[in-house]
Amino acid sequence: MRIPEDVRKDIPLTQEVIYFDNTATSLTPIPVVEAMNEYYLKYRANVHRGVHRLSQMATHKYEESRKIVADFIGAKFEEIVFTKNTSESLNLVALGLEWKKGDKIVTTPYEHHSDLLPWQRVAKKYGAKLEIIEGDDEGNLDLADAEKKIKGAKLVAVQHVSNALGVIHEVEEIGKMAKEEGAIFVVDAAQSVGHMEVDVRKLHADFLAFSGHKGPLGPTGIGVLYINEEMFDIFEPPLIGGGTIEDVDLCCYKLTAPPERYEAGTPNIGGAIGLAAGIKYIEKIGLDKIEKQEHKLVKRTTEGLTELEIPWYGPRSLKKHAGVVSFNVPPLHPHDVAAILDEHNIMVRSGHHCALPVMKRLGINGTVRASFHVYNSIEEVETFLGVLEELVKSLR
């Protein structure tokens, strides 16, 4: 497969706009849409417990999707739970564990709100202690401080890649520290799955969350929560009801085995099938090619911004920089810059990116964020830089 040409042929929108908003949501290839259409048009039915052939077919495809997801991140079949998105997955972790006063939770100052607010609520509700690992303005963590803070922790929660700064954190090393302390290790992989290799065993993850609509090129409304099988005995399903039980009396109930005990009610069947199709598409391309293409785009973008004297944020070491570049064009507000780029058919994100502590640390009210996937091209980056060059000239 030629990169990015062949992928662009499968995504009609790439012929109409320059789409640099992949951190928020990625564009969808035709094979993913076709897989979902096949479910809705040819074997539309609910999963599990149905005897008729449509239900049997839907159940087979749904559980086959679970197997595809599991294999993709190095997990076991029963360790994969389908959710709505990363935010829901992380909230479920916080809600399903037991807490007591004095429990220590450790996270970073760069987290997306979805991997910060649930832990803040636990601290407030149960009297747990929330401690933050030190880091610099580029988003680099102080690993010596991490080792110190993790001592005595009950849970450590870290993002794999910052959606605001693009920094790739040393998740494997931090996971090892957590395991040596006997702490539960939670990984927010929303910005890494589908862009780079993610192996739950290598990362020492007890829980790992991601969304289908970002890196994996799947639909919205489907997410994944990986639960290490060692957590099954201590992780209670926060939601129970249809599909989660083995037996029920008027007085009591008995939960069924994982993963079904964690999936109450009718799931997003079409979404799971679409996610699996997206993962198969990613595997067809190859994660190594995706990483290489995104690295080229980040290198040219950061070089171009530096040449234009446009301030950009994140790690200067491109080895630690994923396909996300945040910048500003003073004195313009980030929304104004995004609106100007939109006039040239360039789609970027602007604002605080659900990472307000990061913005406050940097003393800014937000950034413009260009984020890439494998279908983006160097030619698109050159067009983008050309628009910014004209904008900068108009301001001087």
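The structure we're discussing is the one just above.
Below is a short write-up of the structure. Here the residue numbers are simple positions, counted from 1 along each chain's written sequence. Confidence filtering applies because this is a predicted model: local features only for residues at pLDDT of at least 70, side-chain atom pairs given and counted only at 80 or more, and all residues used for totals across whole chains, interfaces and linings. By convention in this description, side-chain values take in all heavy atoms of the structure and omit both hydrogens and water.

1. Details of the packing of aromatic side chains
Side-chain rings of Phe, Tyr and Trp (the six-membered ring for Trp) are treated as a pair once their centres are within 6.5 Å; stacked means planes under 30 degrees apart, edge-to-face means over 60, and tilted covers the remaining angles. All chains considered together, the criterion is met by 10 aromatic pairs. Geometrically, the ring pair formed by Phe20 and Phe372 is edge-to-face, given 5.0 Å between the ring centres and 85° between the ring planes. Of the two residues, Phe20 is situated in the loop between β1 (18-19) and α2 (30-42) and Phe372 in the loop between β15 (367-371) and α12 (378-395); the sequence distance between them amounts to 352 residues. You'll find Phe20 and Phe372 in the same group, each marked buried. Taking the centre distance of 5.4 Å and the plane angle of 70° together, the rings of Tyr39 and Tyr43 count as edge-to-face. Neither residue differs from the other here; Tyr39 and Tyr43 are each classed as buried. Grouping aromatic residues by their ring pairs yields a cluster made of Phe20, Phe327, Phe372 and Phe384. Lysine NZ or arginine CZ positioned within 6 Å of the ring centre and within 35 degrees of the ring normal marks a charge as sitting over the ring. Seen from the ring of Trp99, Lys154 lies directly overhead, with NZ or CZ sitting 5.3 Å from the centre. A cation over a ring is seen here: Arg316 above Trp312, with NZ or CZ 3.6 Å from the ring centre. Helical segments are the DSSP runs of H or I of at least four residues, strand segments are the runs of E of at least two, and each set is numbered from the N terminus. Burial classification: accessible surface area is computed with a 1.4 Å probe over protein chains only, and a residue below 20% of its type maximum counts as buried, one above 50% as exposed, and the rest as partly exposed.

2. Focus on empty space enclosed by the protein
Lining residues are those with an atom within 4 Å of a point, where the points come from a 1 Å grid over the protein atoms alone and group into cavities, where a 1.4 Å probe fits but cannot get out, or pockets, open sets with protein on both sides within 12 Å along at least five of seven lines. Grid points are joined across faces, edges and corners, and a volume is the space filled by probe spheres set on the points. As enumerated under the stated definition, the model contains 1 cavity of 30 Å³ or more in all. The calculated volume of the largest cavity comes to roughly 70 Å³. Looking at the largest cavity, the residues that line it are Asn22, Thr23, Gln191, His195, Glu294, Ala322, Gly323, Val324, Ser371 and Phe372. For the lining of the largest cavity, the per-class residue count stands at 3 nonpolar, 6 polar and 1 charged. Ten residue types, Ala, Val, Leu, Ile, Met, Phe, Trp, Tyr, Cys and Pro, are classed as nonpolar, four, Asp, Glu, Lys and Arg, as charged, and the remainder, Gly among them, as polar.

3. Re unusual backbone geometry
Put simply, Ile3 and Pro4 share a cis peptide bond, and its omega is 5°. With an omega of 5°, the peptide bond between Pro330 and Pro331 qualifies as cis. Positioned with a positive phi, Arg49 is a non-glycine residue whose angle comes to about 70°. The residue Arg49 is located in the loop between α2 and α3 (53-72) in this model.

Purely geometric stuff here, so don't read any function into it on its own.
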